[in-house]
Amino acid sequence: MNAPDHNIKRAPIRQLGTTAINRIAAGEVVERPAAAVKELVENALDAGARRISVDIADGGATLIRVTDDGHGIPADELPLALSRHATSKIDGSDLLNIQSFGFRGEALPSLGAVGRLTLTSRAVGAAEAAQIRAEGGELSAVAPAALARGTVVELRDLFYATPARLKFMRSTRAEAQAVHDVLRRLAMTAPEVAFSLRDVSGRDVSGRDGSGGGAGRLVLRADATQDLAQRLRGILGAEFIDNALEINAPRDGVTLSGYAALPTYSRGAAVAQFFFVNNRPVRDKQLLGALRGAYADMLSRDRHPAAVLFLSLPPERVDVNVHPAKSEVRFREPALVRGLIVSALQHALAGAGHRAASTVAHVALGAFRSEAQSQQPSQQPGLSYWSQRPLERPQLPPRLQGFAEDAAGWAGGRVEMFDDGNAHDAQPDEAANLPLGVARAQLHENYIVAQTARGMVLVDQHAAHERLVYERLKARRAENAPRSQALLIPVIVELSAADQARILDIADDLAALGLVIEPFGGAAICVRETPAELGTPDCDALIRDIADQLADLGSSTTLAARIDAVLSRIACHGSIRAGRRMSAAEMNALLREMEATPKSGQCNHGRPTYIELNLADIERLFGRT
């Protein structure tokens, strides 16, 4: 790294020229083509457009064209539109009462300073359109032009006047993807506006005839609609809407609305999190942190929730003029906003009960389908797959030849007989009113098979019971009524000095959960009472797991988050273990408690606790439909 030169001779202070000022401003406002698209589309929305089309070439480096049908700009105001800090959106008297996307008057002059900009517009009621050009900050005279209505802004050769900036641009594909992402976000803010994005790369974009290069490839199309869910279905896909909960929560003049996905629909990266403040797309750390906090005890740290959320509040209660690109905001009451987000999302997720994402079943069905089945291009009507390939029909192993005769214990959909001699002989219609059905079998001492009115459910007994125990412990903590059981013989656990210190720091909080500990000389800890929900846990393993959890979280995590993490770890020790054989009554009791417990569709780490397969899907697996 080059050291600064402290021997620079003093130069006189001078006023920079307009061109230099505009280029500096462009460096803050327009760092890449996507930022230029954002500014121009926001201008179109502010102009009341109902149809906006965007054309780009080479990721926006050689061409960006934004066409709208808004109210347009009068011919005599075109030169002013390309002057810095000239705008029709505010009068400068109140910088907090901002109700438009743009308000600084910097975008158009900044773009004209670093590229070749052509602005064509026809104001409502004007006899003809007018056009003005800007190249490297130099303006042309206003001239007549042909345009039916609205405005067309065409930007060519972005950063040609500042070639050093071109070195910092990413690949054409990456820049085009960034433009796509920007337009998707803006399309979410205005479902009533139609959007389209075309890539005209490789076509004639010289601009000599002003055509811009033909139709190109349609990248994004969002038809106008009055339904936000329909707009999100088209942009994010049907799976998001099918697995999302509608949010509508007002509090003290602030309203949170939108959609938040189920925890089991989580993503591997934070790529499906969209926040809007008064319809302005923002990437605010405070809002993202609140979203993460709402899902804190339902997702592991390597999974991320999906949500599209809109905050609406009076403009004077939020400052949008705190970031050059207006992508961050500052709230007058940040605690109120965070509390609203966390409580509204947690309430909605709790109201979803045991519901899990439908994508879980789709993944399971995909795993069931054999490679041979998926590779069959065609089949004769009425013939099964194996009937067309008689030479490859598999032979049953000798040990399965008498399967039908040996399966008498399963006849009538009964649960396998257990050592206690009990079996659940439920009638088929008994499952009709039970969302998770009636237990029919247990596989590998870990998975419960239940029959529902629509198909079947496969439950992970350990993951499901872990969630149930966790919710019970949380309820006891909220009621400040822990249930503990005293150990006949206290358990002494030897730890490192650091682990002992971490656990003793939260000893009072652990006691509130029913886990009573105290120091026992050196680095040891004495366990005297354990939560009643845990039965007879392995105290040594429990304490060591809690110590590991605290060490993993570190001191930067809030105390509440650490206690929740410890609570989750305690619940894991109190849950039914894989490998335990359950009776029919126990399995059905587990299913009923899942139906009555909020958030039971996923374990404490965000993994699904059950998979539901519809009968129609099962029949397709066997080629019956």
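Cut-offs used in this document
- Residues numbered from 1 in each chain as written.
- Predicted model: local features only at pLDDT ≥ 70, side-chain atom pairs only at ≥ 80, totals over all residues.
- Heavy atoms only, no water.
- Axes fitted to C-alpha atoms, helices over the stretch in contact; angles between N-to-C directions.
- Helix = DSSP H or I, 4+ residues; strand = E, 2+ residues; numbered from the N terminus.
- Parallel < 35°, antiparallel > 145°, perpendicular 65-115°, else oblique.
- Left-handed = near helix turned anticlockwise from the far one by under 90°.
- Contact = heavy atoms within 4.5 Å.
- Pairing = 2+ DSSP bridges.
- 1 Å grid on protein atoms, 1.4 Å probe; cavity = no way out; pocket = protein on both sides within 12 Å on 5 of 7 lines; lining within 4 Å.
- Points joined across faces, edges and corners; volume = space filled by probe spheres on them.
- Buried < 20%, exposed > 50% of the residue type's maximum accessible area, 1.4 Å probe, protein only.
- Salt bridge = Lys/Arg side-chain N within 4 Å of Asp/Glu carboxyl O.
- Expected span 1.5 Å × (residues − 1).
- Core = buried A, V, L, I, M, F, W, Y, C linked by side-chain atoms within 4.5 Å.
- Nonpolar A, V, L, I, M, F, W, Y, C, P; charged D, E, K, R; others polar.

What follows covers the packing of helix α2 (residues 33-46) against helix α4 (residues 107-114). Across the interface, α2 lies against α4 with an axial gap of 10 Å and an inter-helix angle of 140 degrees. Put simply, α2 runs oblique to α4. Considering only the axes of α2 and α4, their crossing is left-handed. Along its contact with α2, which presents A36, E39, L40 and N43, the element α4 presents A107, L108 and L111.

A word on the sheet that holds strand β18 (residues 447-451). Read across the sheet, four strands follow the order β17-β18-β19-β23 without closing on themselves; strand pairing throughout is antiparallel. Each end of this open sheet is capped by a strand with a single partner; those strands are β17 (438-443) and β23 (610-614). Between one strand axis and the next, the sheet turns by 20 degrees as a mean value, whatever way the strands run. In the packing of helix α14 (residues 461-479) onto the sheet, the strands contacted are β17, β18 and β19 (455-460), and the crossing angle to β19 comes to about 70 degrees.

For the coordinates displayed, the defined rule picks out one cavity of 30 Å³ or more. One number sums up the size of the largest cavity: a volume of about 40 Å³. Every residue along the wall of the largest cavity is listed here: L473, R476, R477, P482, R483, A512, L513 and E533. It is α14 that provides the largest number of residues to the lining of the largest cavity, a total of three residues.

What follows is about the side chain of R317. Here R317 shows up in the loop between β14 (307-312) and β15 (318-319). Every residue in contact with R317, bar those within four places of it in the chain, is listed here: D252, G253, V254, R330, F331, R332, E333 and L336.

Okay, the environment of S568 next. Following the sequence through the fold, S568 ends up in helix α18 (residues 559-573). According to the relative accessible area criterion, S568 is buried, its value standing at 11%. Each C-alpha atom of the pair S568 and K474 lies 9.4 Å from the other, and the pair is 94 residues apart in sequence.

Further remarks concern α4. Counting buried residues in α4 gives eight out of eight residues, a clear majority hidden from the surface. Within α4, burial applies to A107, L108, P109, S110, L111, G112, A113 and V114.

Here the focus is the pattern of salt bridges. Counted under the stated rule, the structure contains 22 salt bridges. Among the ionic pairs, R528 bridges to E518, the shortest N-O distance being 2.8 Å. Of this pair, R528 sits in strand β22 (residues 524-531) while E518 sits in strand β21 (residues 516-519), placing them 10 residues apart in sequence. Where salt bridges share partners, they join D55, R65, E154 and R156 into one cluster.

Here the focus is helix α6 (residues 172-189). Spanning 18 residues, α6 covers 27 Å between terminal C-alpha atoms, matching the ideal 26 Å at 1.5 Å per step. Here α6 lies mainly inside the structure; 14 of its 18 residues are buried.

What follows deals with unusual backbone geometry. Even without a glycine there, the phi angle at D252 is positive, about 50 degrees. A residue is classified by how much of its surface remains accessible, and D252, at 59% relative accessible area, is exposed. Of note, E445 is a non-glycine position whose phi angle comes to about 55 degrees, a positive value. Here E445 lies in the loop between β17 and β18. Residue class for E445 comes out partly exposed when judged on its relative accessible area of 30%.

Quick look at the nonpolar core now. Counting 62 residues, the largest nonpolar core has V41, I52, V54, F195 and F240 as its most contacted members. It is α6 that contributes the most residues to this core, eight residues altogether. In this view, V41 contacts I52, V54, V66, L183, L186 and F195; residues no more than four positions away in its chain are not counted. Formed by 35 residues, the second largest nonpolar core is a distinct cluster that contains L299, L313, V329 and F331.

Read across the open sheet, the five strands follow the order β10-β11-β14-β12-β13; overall the sheet is mixed. If you trace the sheet from one side to the other, it starts and ends with β10 (244-251) and β13 (280-282), each paired once. Strand after strand, the sheet turns through a mean of 20 degrees between neighbouring axes, direction not considered. By the bridge criterion, three bridges tie strand β12 (residues 273-277) to β13 in an arrangement that is antiparallel. Residue pairing for β13: F276 is matched across the bridge by P281. Helix-sheet contacts for α6 involve β12, β13 and β14, and the interaxial angle to β12 is about 50 degrees.

This next bit is on the packing of helix α9 (residues 285-294) against helix α10 (residues 334-351). One can describe the packing of α9 onto α10 by two numbers: an axis separation of 8 Å at closest approach and a directional angle of 30 degrees. Regarding α9 and α10, the two cross each other, and that crossing is right-handed. Along the contact surface, α9 presents Q286, L287, G289, A290, L291, G293 and A294, while α10 presents P334, V337, R338, I341, V342, L345, Q346 and L349. By residue class, the composition of the contact of α9 with α10 is 10 nonpolar, four polar and one charged.

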